[in-house]
Amino acid sequence: MALGLFPRRVVERVYLTYDRGLPLVHLSRETASDKDADLVASMFDAIEAFMDDAFASMHSGAVRSMEVGERCHVAFGKGRWLLLYVMYRGRESNRLEDRVIRNVHELESRFAPLLRSWHGDMDAVEPIKRVLQEAWDVPEEHDTFRPTLPTLPEPEA
């Protein structure tokens, strides 16, 4: 079998959102994109939530991935606070999907104090971004988004 038939998997983009769609991190192999990373992250969040709701009645479990175009996949990992989306090219991979799920749980465990009380300070998520860059070997996108977020209210005791 020729090697060209099954190209190796390449992670192209990593999106991390907080609490149902608030973008935290976007990593990309591309130097620039004409697509707003905030919008793409929110779109993936909405798609994942819709698919989970749609398939819940079938008792089929959570949606772990989807195919976008030819040999382009998005693997989802969902935790208590975080949603991780990894876009990759190549053959579909259950192993990579499992890795995404493990990674989101590791992030939540390691950064639980930050995530539990996070109020919109993007500088506070820099350590999470560095962990994702190392884990997925994807650099931060040039001119990446740094949304100006309103400060979230303190949680009531």
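Only a predicted model underlies this, so the values are computations on that prediction, with no experimental measurement involved. (Residues numbered from 1 in each chain as written. Predicted model: local features only at pLDDT ≥ 70, side-chain atom pairs only at ≥ 80, totals over all residues. Heavy atoms only, no water.)

Draft legend 1. Broad picture of the packing of aromatic side chains. Counting across every chain of the model gives 2 aromatic pairs. Between the aromatic rings of Tyr 18 and Trp 118, the centroid separation amounts to 5.0 Å while the plane-to-plane angle is 65°, which identifies the pairing as edge-to-face. Here Tyr 18, found in strand 1 (residues 10–18), pairs with Trp 118, found in the loop between helix 3 (112–117) and helix 4 (126–136); they are 100 residues apart in sequence, far enough to count as distant. Each member of the pair, Tyr 18 together with Trp 118, is buried. Considering the side-chain rings of Phe 76 and Tyr 85, the 5.4 Å spacing of their centres and the 90° angle between planes classify their relative orientation as edge-to-face. Here Phe 76 and Tyr 85 have matching classes, each one buried. Positioned above the aromatic ring of Trp 136, the side-chain terminus of Arg 99 is 3.8 Å from the ring centre. (Phe/Tyr/Trp six-rings, centres within 6.5 Å; stacked < 30°, edge-to-face > 60°. Helix = DSSP H or I, 4+ residues; strand = E, 2+ residues; numbered from the N terminus. Buried < 20%, exposed > 50% of the residue type's maximum accessible area, 1.4 Å probe, protein only. Lys NZ or Arg CZ within 6 Å of the ring centre and 35° of its normal.)

Draft legend 2. Representation of helix 4 in the model. The set of residues buried in helix 4 consists of Ile 128, Lys 129, Val 131, Leu 132 and Trp 136. Around the axis of helix 4, the buried residues are gathered within 160° of arc, so they sit on the same side. Those residues of helix 4 that are buried lie in contact with strand 1, strand 2 (22–28), strand 5 (82–89), helix 2 (94–110) and helix 3. (Arc of directions from axis to C-beta. Contact = heavy atoms within 4.5 Å.)

Draft legend 3. Focus on the pattern of salt bridges. What the rule picks out here adds up to 2 salt bridges. Here Arg 89 and Glu 12 are joined by a salt bridge, their closest N and O atoms 3.0 Å apart. Of this pair, Arg 89 sits in strand 5 while Glu 12 sits in strand 1, and the two are 77 residues apart along the sequence. Ionic pairing is found between Lys 129 and Glu 126, a salt bridge with its closest N-O pair at 3.3 Å. Within this pair, Lys 129 and its partner Glu 126 are both found in helix 4, separated by 3 residues, close to a single helical turn. Under the relative-accessibility criterion, Lys 129 is labelled buried at 5%. (Salt bridge = Lys/Arg side-chain N within 4 Å of Asp/Glu carboxyl O.)

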